[in-house]
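# Examination of the molecular architecture
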Amino acid sequence: MKKSFSKTIAVLLAVLMVVCSLPMTVFAAGESRSNVQLQFGTYFASGADTHQTYVDENYSGFGDSGLNTAKLDYNKATGTITEASSGHTYGVGDFFTVSVLLENTSSLAASQVGIKYSDNIVPAAVGENQDGLTALLPATEVTSPTDGFAPNEAITDQSGNAIYNTASSTVGEISYIDADKNTMWANFAVQDGTDAVNLTAPKQVGVNTFTKTAVLATFGFKIVGDGAVTFSLADSKDIDSAYYVETIANGGKVEEYKTYTQTNYDGSTALDFMNNNENIESTKYTVKFVGADGAVISEAQYAEGATVTVPDLPKAEKISDTQHNTYAWDTEPVLTATADATYTAVATAEDHKWNAGVKQDDGSTLYTCTVCGATKSETAHVHSWGEWTYNGDAEYTSAKVYKDGTATRRCATCGEIESKTIANTGLFRARSANASFGAEILMNVGTRTAQVNAFDEVYCKFTREDGVETDVPLSKSIVSGSNTMFPYGVTPQSMSSPVKITYYGKVDGMLVWGPEYTYTMTTNYIVPQLNKSTSEVYKKFLVELMYYGAAAQVYNNWKTDKPMTDELTDEQKALHDTSAPTATNITNTKQVEIPNAKTTWRAVNVEYGSVTVMLLKTRAYTPTADLKAVVQVAGEPQQRVYYYSEHPEYFVEEKGGICFRFEECNANKLRSAVDVTLYEGDTAITNTIRYSVESYCATRKEGTTIYPFTQQLMRYADAAIAQFGA
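Residues numbered from 1 in each chain as written. Predicted model: local features only at pLDDT ≥ 70, side-chain atom pairs only at ≥ 80, totals over all residues. Heavy atoms only, no water.

## Things to note about the overall build of the protein chain
Worth spelling out the cut-off: Going along the chain from the N terminus, every DSSP run of H or I of four or more residues is numbered as a helix, and every run of E of two or more is numbered as a strand. With a 1.4 Å probe rolled over the protein chains alone, any residue whose accessible area is under 20% of its type maximum counts as buried; one over 50% counts as exposed, and the rest are partly exposed. Contacts were defined at the residue level, with two residues in contact if any of their heavy atoms lie within 4.5 Å. Note on areas: Shrake-Rupley with a 1.4 Å probe; residue coverage comes only from the protein chains shown.
Scanning the protein chain for helices and strands turns up 8 helices and 53 strands. The buried share of the protein chain, taken over its 726 residues, is 45%. Within the protein chain, contacts between residues separated by at least 24 positions form 62% of all contacts whose residues are at least 6 apart in sequence. When the accessible surface of the protein chain is split by element, carbon and sulfur atoms take 47% of a total near 35,000 Å².

## Overview of helix 5 (residues 536-555)
Condition: Expected helix span is taken as 1.5 Å per residue step, with the number of steps being one fewer than the number of residues.
Across its 20 residues, helix 5 extends 28 Å between first and last C-alpha, which sits within 8% of the 28 Å expected from 1.5 Å per residue. In terms of residue burial, helix 5 counts as a mostly covered element, since 15 of its 20 residues are buried. Backbone geometry just downstream of helix 5 places N557 in the positive-phi region, at approximately 55°.

## Things to note about the packing of aromatic side chains
Here is the rule we go by: Pairing of aromatic rings covers Phe, Tyr and Trp, the last counted by its six-membered ring, and requires centre-to-centre distances within 6.5 Å; plane angles under 30 degrees mean stacked, over 60 mean edge-to-face, and any other angle means tilted.
Counted by the stated rule, this structure contains 33 aromatic pairs. Taking 6.3 Å as the distance between ring centres and 70° as the angle between the ring planes, the aromatic pair formed by Y642 and F662 counts as edge-to-face. With a gap of 20 residues between them, Y642 in strand 48 (residues 640-643) and F662 in strand 50 (residues 657-662) connect regions that are remote in the sequence. Each member of the pair Y642 and F662 is classed as buried. Relative to F660, the ring of F651 lies with its centre 5.4 Å away and its plane at 45°, an arrangement referred to as tilted. Here F651 matches F660 in class, with each residue buried. Ring pairing ties together the aromatic residues F437, Y525, Y538, F541, Y548, Y555, Y608, Y696, F709, Y716 and F724, which thus form one cluster.

## Regarding the nonpolar core
Nonpolar side chains in soluble globular proteins tend to end up buried together. The cut-off we apply is this: Think of a nonpolar core as a cluster: buried Ala, Val, Leu, Ile, Met, Phe, Trp, Tyr and Cys residues, connected wherever their side-chain atoms sit within 4.5 Å.
Judged by nonpolar contacts, the single largest core of 80 residues is most densely connected at F437, M443, F462, I526 and F660. Among the elements that take part in this core, helix 5 stands out by supplying 11 residues, more than any other. Leaving out residues up to four positions away in the same chain, M443 has contacts with N434, F462, F486, P487, Y488, V490, V499, I501, Y519 and M521. By size, the runner-up hydrophobic cluster in this structure holds 42 residues, among which are V98, L108, L216 and V229.

## Let's talk about the packing of helix 5 against helix 8 (residues 707-724)
The cut-off we apply is this: All axes here are fitted lines through C-alpha atoms, helices being fitted over the stretch that makes contact, and every angle between N-to-C directions spans 0 to 180 degrees. Throughout, the term roughly parallel applies to angles under 35 degrees, roughly antiparallel to angles over 145, roughly perpendicular to angles from 65 to 115, and oblique to all others. We call a crossing left-handed when the near helix sits turned anticlockwise from the far one by less than a right angle, and right-handed when that turn is clockwise. In this classification, the charged set is Asp, Glu, Lys and Arg, the nonpolar set is Ala, Val, Leu, Ile, Met, Phe, Trp, Tyr, Cys and Pro, and all remaining amino acids, among them Gly, are polar.
One way to put it is that helix 5 packs onto helix 8 with a least axis distance of 9 Å and a crossing angle of 160°. When the axes of helix 5 and helix 8 are compared, the pair comes out roughly antiparallel. The handedness of the crossing between helix 5 and helix 8 is left-handed. Here V537, Y538, K540, F541, E544, L545, Y547, Y548, A551, A552 and Y555 of helix 5 come into contact with helix 8, specifically with P708, F709, Q712, L713, R715, Y716, A719, A720, A722, Q723 and F724. Here the residues of the contact of helix 5 with helix 8 are counted per class, giving 17 nonpolar, 2 polar and 3 charged.

## Some points on the side chain of T105
Put simply, the rule is: Contacts described as polar in this section are N or O atom pairs within 3.5 Å, which, within protein, must combine one atom able to donate a hydrogen with one able to accept it, while residues neighboring in sequence count only if both atoms come from side chains.
Note that T105 resides in strand 7 (residues 105-108). A distance of 3.2 Å separates a polar atom in the side chain of T105 from the backbone oxygen of E103.

## What to know about the layout of surface pockets
Quick reminder of the rule: Using only the protein atoms, space was sampled on a 1 Å grid; points where a 1.4 Å probe fits but cannot get out form cavities, open sets with protein on both sides within 12 Å along at least five of seven lines form pockets, and lining residues are those with an atom within 4 Å of a point. Grid points are joined across faces, edges and corners, and a volume is the space filled by probe spheres set on the points.
Roughly 610 Å³ of internal volume is contained in the largest pocket. Lining the largest pocket we find 19 residues, and of these E440, L442, K476, P487 and G489 sit closest to its centre. Secondary-structure elements contributing two or more residues to the lining of the largest pocket are strand 38 (469-473) and strand 40 (483-489). In the lining of the largest pocket, the residues fall into 7 nonpolar, 6 polar and 6 charged.

## Some thoughts on the confidence of the model for the protein chain
Let me state the cut-off plainly: Looking at any residue, its pLDDT shows the predictor's confidence there, from 0 to 100.
For the protein chain, mean pLDDT is 85; residues scoring 70 or higher make up 86% of the total. Taken as a whole, residues 236-241 scores under 50 in pLDDT and shows 16 contacts with residues more than four places along the chain or in a different chain. The low-confidence segment residues 246-269, where pLDDT is below 50, has 54 contacts with residues more than four positions distant or belonging to other chains.

## As for the pattern of salt bridges
Opposite charge on two side chains permits them to pair, given that their charged atoms come into close proximity. Cut-off, in case you're wondering: Think of a salt bridge as a Lys or Arg side-chain nitrogen and an Asp or Glu carboxyl oxygen that are within 4 Å of each other.
Applying the stated criterion across every chain, the model contains 22 salt bridges. Here R464 makes a salt bridge to D466, at a shortest N to O gap of 2.5 Å. Judged by its relative accessible area of 37%, D466 is partly exposed. Between K617 and E654 there is a salt bridge; the shortest N-O distance is 3.4 Å. Of this pair, K617 sits in strand 46 (residues 612-618) while E654 sits in strand 49 (residues 651-654), placing them 37 residues apart in sequence. A relative accessible area of 25% places E654 in the partly exposed class.

## A few points about the environment of V142
If you trace the backbone, V142 turns up in the loop between strand 10 (134-138) and strand 11 (144-145). A relative accessible area of 13% means that V142 is categorised as buried. Considering only alpha carbons, one finds V142 and G127, 15 residues apart in sequence, at a separation of 5.4 Å. What V142 contacts, discounting residues up to four positions off in sequence, is A125, V126, G127, E128, L137 and P151.

## A closer look at the sheet that holds strand 22 (residues 284-290)
The line we're drawing: We call two strands paired when DSSP finds no fewer than two bridges between them.
Taking strand neighbours across the sheet as the criterion, the 5 strands line up as 23-22-26-25-24 in an open arrangement whose pairing is mixed. Since the sheet does not close on itself, it has two edges, and those belong to strand 23 (296-303) and strand 24 (317-318), each with one partner.

## Focus on the sheet that holds strand 34 (residues 417-421)
Strand order in the open sheet formed by 3 strands is 30-33-34, and the pairing between neighbours is antiparallel. The outermost strands of the open sheet, each flanked by one partner alone, are strand 30 (389-390) and strand 34. For strand 33 (residues 406-410) and strand 34, the ladder comprises 5 bridges, and the chain directions are antiparallel. Along strand 34, the bridge assignment pairs T408 with S419.

## As for the packing of helix 4 (residues 521-532) against helix 5
Contact geometry of helix 4 with helix 5 gives a least axis separation of 9 Å together with a crossing angle of 145°. The chirality of how helix 4 crosses helix 5 is left-handed. Only Y538, K539, L542, V543, L545 and M546 of helix 5 make contact with helix 4, whose side of the interface consists of T522, Y525, I526, V527, Q529 and L530.

## What about helix 8?
Spanning 18 residues, helix 8 covers 25 Å between terminal C-alpha atoms, matching the ideal 26 Å at 1.5 Å per step. Looking at the buried residues of helix 8, the elements they touch are strand 35 (432-437), helix 5, strand 45 (601-608) and helix 7 (693-698). Where helix 8 terminates, the next one or two residues include G725, which has phi positive at roughly 95°.

## A few points about the pairing of strand 26 (residues 341-351)
One face of the sheet, then the other: side chains in a regular strand alternate in exactly this way. As defined by bridge partners, strand 22 adjoins strand 26 across 4 bridges and the pair is classed as parallel. Across the sheet, V287 pairs through a bridge with A341, a residue of strand 26.

## Observations concerning the pairing of strand 40
Across the 7 residues of strand 40, 5 count as buried, placing the element largely inside the fold. Where strand 36 (residues 441-448) meets strand 40, 7 bridges bridge the pair, whose relative direction is antiparallel. Its bridge partner being in strand 40, G446 is matched across the sheet by M485. Connecting the antiparallel pair strand 39 (residues 478-480) and strand 40 is a turn made up of 2 residues, with G481 showing a positive phi of about 65°.

## Observations regarding the state of the cysteines
Cut-off, in case you're wondering: Throughout, disulfides are identified as pairs of cysteine sulfur atoms within 2.5 Å of each other.
This model, assessed by the stated rule, comprises 0 disulfides. A disulfide-free cysteine, C372 has its sulfur positioned 3.7 Å from the sulfur of C369, the nearest such atom. A relative accessible area of 19% places C372 in the buried class.

Printed below as a string of structure tokens:
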């Protein structure tokens, strides 16, 4: 039922006396030519569970189809139609709609677009099937068509006549399918009223909004055969080829229309089909790819905007036993043709990247470069390893965040380096610390006993601020709960100085160590104790201890610009006793006389450090193996006995005699009388001497350098007596 558009439009225009002074406007050619575009959609029946894309089923109510549904994707190059929401690719038995649009058009009086379709699709329609049920069918199988879905005609409410009819202007209903020629004709003509349809305002059609676009017609099809589903403009030599009207003259003769596609009238090329115009000769660009040696790899001409084919780069090639060349383009190729271009492969020398190697029957290993394929063979090698050396790289952040250290060794023959992790080193560090104030001012630093047990020959190194190092062996440690505590004597003046603490041990004879830890007695222990204690007696003891340390700083000229008492608050400083302490000298070298004593006492003194040491010196005497010292401290129920054979360091030979060092005088015993008698076996060889640290302080004269220090020592002693008892 093909209609003649030429005759129809002529009759319409002649009868209705349409006058079109300027019925349409287009964009500048070369930028946005008017374009015939196809939009694909689905059929949807109100009683169905899904779009009619897979099977031919009997349903009614197909109003929600075509432009009333989501747009389908059409690949012009492959001729495939897909549904994005389901991923379905349309095939034999599926139905779809196609709407013919005229894009980039501001106003339109008349148009004719003839589009041929491939043989594997046939027109579809809605109507009664052989069972008398309303169904979606090929057009030839419909016996009683449903209104608006007639065979070989456009879907009425989705075509120009229904979309653009208004009270003041109507559009002719002249679109149809010529099934004999596999051609659908999307035709459009203003019949009366205005000269043209204005397309500049947005137009809502179904779920779509169109601007500067005319919806000419919508048709239905069914896929009946395999292969690409294709569309093309009707033969440009055909009198019914695609065009639209710009001006009308002389009663609307077709041959006088100014057309915008290739026809036998004036050859205009301003109308595109699906964004393409085969009648326009596009600008051509030459794109060349050249090898590093200058030889052309590929050279081709591309239309402007076409996709450039980039050839493979030359493969990497061996240039020596140690290196190969890899290639890259001198500039990144532009993938869209916009200008003439030449790209040159540039060689870069790189070291071979050998694989893990494959053992051969002769014991050698064959290695292959993973980049260029070069090979090398290495005979079996027996490493001559050196000793393991610890790298000292253990790290500690927290009990759960740490890194064990590593050790390395080197092959003396080939230079290969082997590494291994030394377990437990990451946690081999101080985990707790406190202080004690007995005969010695001690910093007690502990690490987990489990860590200590993981190593041999463990010791703890304490490094003072002035660089002096002290190693405390495991034999001097004490196990307390889950920790092993290492004691370190601190001089009173250095209580406010940071001490670096590092644990050492051995693994298979190799010395290893953990992360370093820094501890300051005043900052980390004494001041926190002051802040949390509720005992005024204990707080006064700690304050006098701090003032004792500050006095020692002055006496020993140690960091006098930063007295440790600066760490105290005014409230804490108020606990300090500023009155002058009393001191009595009780020195008596003949407290108990021994007849025929082998030697006599000649001098006494006191030495100050982490320990306050009483020095008791004899005249001429050579120690014997059975020498011992018997000490009675006032207030203590039992005597203390020190054997020369066990502690020779307490019996120092000096000026022909000996100096007995009494190093266990607690802070609360500094005022206590100490009686000392030397024996050989059970025989006393000296008188009993009575002495005390207080006696030493009592003999220091006011105005001397040491006097303020000994005064504060007595205040500290009194505070210790108040805290611990005499």
